[in-house]
Amino acid sequence: MSAGKRRVRPREDGHLLAIIADEDTVTGFVLAGAGHVDSKRNSNFLVVNEKTTTQQIEAAFRTLTTREDIGVLIISQYIAETIRHVLDDYSEMVPAILEIPSKDHPYEPKKDSLMLRVSRMTGRDRQ
């Protein structure tokens, strides 16, 4: 195993979703049962609003992507744009990063880091 890579081990109790998004999106996921707060009051989500700084979003991303209990991190694409440099440097398999649209911001595949990587790997970026 190369330096800096984590070994993916299945958890008996499964992996959690993590969410970085606007209030409506996070609320939807929490109501659907994806929200989790542990005994130390660490949650698996960050509600982003106009008062949330880029540094707070970056810190949440780094914290959530280093937690061993997180399997997928869902981030609203317009929020991902604010930390695109961090997303572009992220190369781990788990947690997988999934960019989604929000109520006020449609999804744009050409801005999605994962979609761009897939396009480069399949040669579709040359078409």
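Conventions we followed
- Residues numbered from 1 in each chain as written.
- Predicted model: local features only at pLDDT ≥ 70, side-chain atom pairs only at ≥ 80, totals over all residues.
- Heavy atoms only, no water.
- Salt bridge = Lys/Arg side-chain N within 4 Å of Asp/Glu carboxyl O.
- Buried < 20%, exposed > 50% of the residue type's maximum accessible area, 1.4 Å probe, protein only.
- Helix = DSSP H or I, 4+ residues; strand = E, 2+ residues; numbered from the N terminus.
- Contact = heavy atoms within 4.5 Å.
- Polar contact = N/O pair within 3.5 Å; in protein donor to acceptor, adjacent residues only side chain to side chain.

Caption draft 1: View of the pattern of salt bridges. Tallied over the entire structure, the rule returns five salt bridges. Between Arg84 and Glu81 there is a salt bridge, and its shortest N-O distance comes to 2.7 Å. Among the residues examined, Arg84 registers a relative accessible area of 12% and is labelled buried. Since its relative accessible area comes to 33%, Glu81 is described here as partly exposed. Residues Arg84 and Glu99 are paired through a salt bridge, measuring 2.7 Å at the closest nitrogen-oxygen approach. Of this pair, Arg84 sits in helix H4 (residues 84-89) while Glu99 sits in strand E4 (residues 96-100), and the two are 15 residues apart along the sequence.

Caption draft 2: Structural context of the environment of Asp22. Its place among the elements puts Asp22 in the loop between strand E1 (16-21) and helix H1 (23-31). Taking the C-alpha atoms as reference points, Asp22 and Ile75, 53 residues apart in sequence, are found 9.2 Å from one another. Asp22 has contacts with Val47, Val48, Ser76, Tyr78, Ile79 and Ser102, leaving out every residue within four places of it along the chain. Looking at Asp22, its side chain comes within polar contact range of the main-chain nitrogen of Asp24, at 3.2 Å.

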